[in-house]
Structures are given as C-alpha cells and as structure tokens.
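Inside the fold
Spelled out, the chains give:
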Amino acid sequence: MNNCIFCALITNGNITYANEHAVAFPDGFPLNPGHTLVVPRRHETDLFELPASERHAVWSLVDEVHADLAKQLHPDGFNVGLNVLEPGGQTIPHAHVHVIPRSTGDVPDPKGGVRWVIPSRAAYWLE
C-alpha cells in the first residue's frame, strides 16, 4: 500500500522484532516507555481478516515483545490490545497490536483498563 506508514517502516527496515509474517517497532506516539506495535508484514486493515498462520505470527511476536520488555523494563503490568476498524478506534488502516508496559502510578486509577474506550460505561463497579 503506497501511503501506509507501517508498510513504509517495514520496507525501510525500521523494525525491532520480526518473524516470517509479522514485525514490531516502537510506537511513534508512545503512551509509556517501551510502547511497541506488532503488525503483519502484509498490508491488511483488519487483523481478523488475516489467514490463521499470519494471525498466529502476530500473536507469537506479541509474546516475544512482551517477554523482552518485561526483562528490559521490569514494568508492573501491561496493556495489550488492538483497535479494529474506524468505529473501534483504529487510526492507521494497517492491522496492529499495541504492547504497552505499565507502571504503578502512571495514571491515578488504572481500574477498568480498556473499558475506558467508552467512558460512560467504564466504571460498572460504581453502579
């Protein structure tokens, strides 16, 4: 895909982890130190449209990135997630998985984690 920033990064070799069907590189706008994106080599907008072998390669690389970041940074936790298509919050139309190291105190109250993508429904424990 000509205008895809992730395809350009893959083509230019700006990657930090790789396997046959997936690569990983630092997020351009990291939420925390070590925030890494894992993407399929082949351009596909929706991760769930990839053949099983390519999805497996992406998740295998997520495991590798997680283990390496845990060893290097010793975070207190992680967020691992993806946004699928524009209604799901995806802004770059190339499938990708975020691996985000977390530290105690990096936000005042992390309870609910990814549930905060819909703030009015996040704090279900208060209802």
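Residues numbered from 1 in each chain as written. Predicted model: local features only at pLDDT ≥ 70, side-chain atom pairs only at ≥ 80, totals over all residues. Heavy atoms only, no water.

Turning to unusual backbone geometry, a few remarks are in order. For His74, which is not a glycine, the phi torsion comes out positive at approximately 50°. Considering the arrangement of structural elements, one finds His74 in the loop between α2 (52-73) and β4 (77-81). Positioned with a positive phi, Leu85 is a non-glycine residue whose angle comes to about 65°. With respect to the helices and strands, the residue Leu85 is situated in the loop between β4 and β5 (97-102). (Helix = DSSP H or I, 4+ residues; strand = E, 2+ residues; numbered from the N terminus.)

Opposite charge on two side chains permits them to pair, given that their charged atoms come into close proximity. Inspection of the entire model under this criterion finds three salt bridges. One salt bridge connects Arg42 with Glu54, and the closest N-O pair in it is separated by 3.1 Å. One end of the pair, Arg42, is in the loop between β3 (36-40) and α2; the other, Glu54, is in helix α2, and 12 residues separate them in sequence. On the basis of relative accessibility, which here comes to 36%, the residue Arg42 falls in the partly exposed class. Ionic pairing is found between Asp106 and Arg102, a salt bridge with its closest N-O pair at 2.8 Å. Exposure remark for Arg102: the relative accessible area of 18% places this residue in the buried category. Taken together, the salt bridges that share partners define one network made up of Arg42, Glu44 and Glu54. (Salt bridge = Lys/Arg side-chain N within 4 Å of Asp/Glu carboxyl O. Buried < 20%, exposed > 50% of the residue type's maximum accessible area, 1.4 Å probe, protein only.)

The subject of this paragraph is the side chain of Gln90. Of note, Gln90 is situated in the loop between β4 and β5. Here Thr45 takes part through its backbone oxygen, which lies 3.0 Å from a polar atom of the side chain of Gln90. A distance of 2.5 Å separates a polar atom in the side chain of Gln90 from the backbone nitrogen of Leu85. Aside from chain neighbours lying at most four places away, what touches Gln90 is Thr45, Asn83, Val84, Leu85, Ala95 and His96. (Polar contact = N/O pair within 3.5 Å; in protein donor to acceptor, adjacent residues only side chain to side chain. Contact = heavy atoms within 4.5 Å.)

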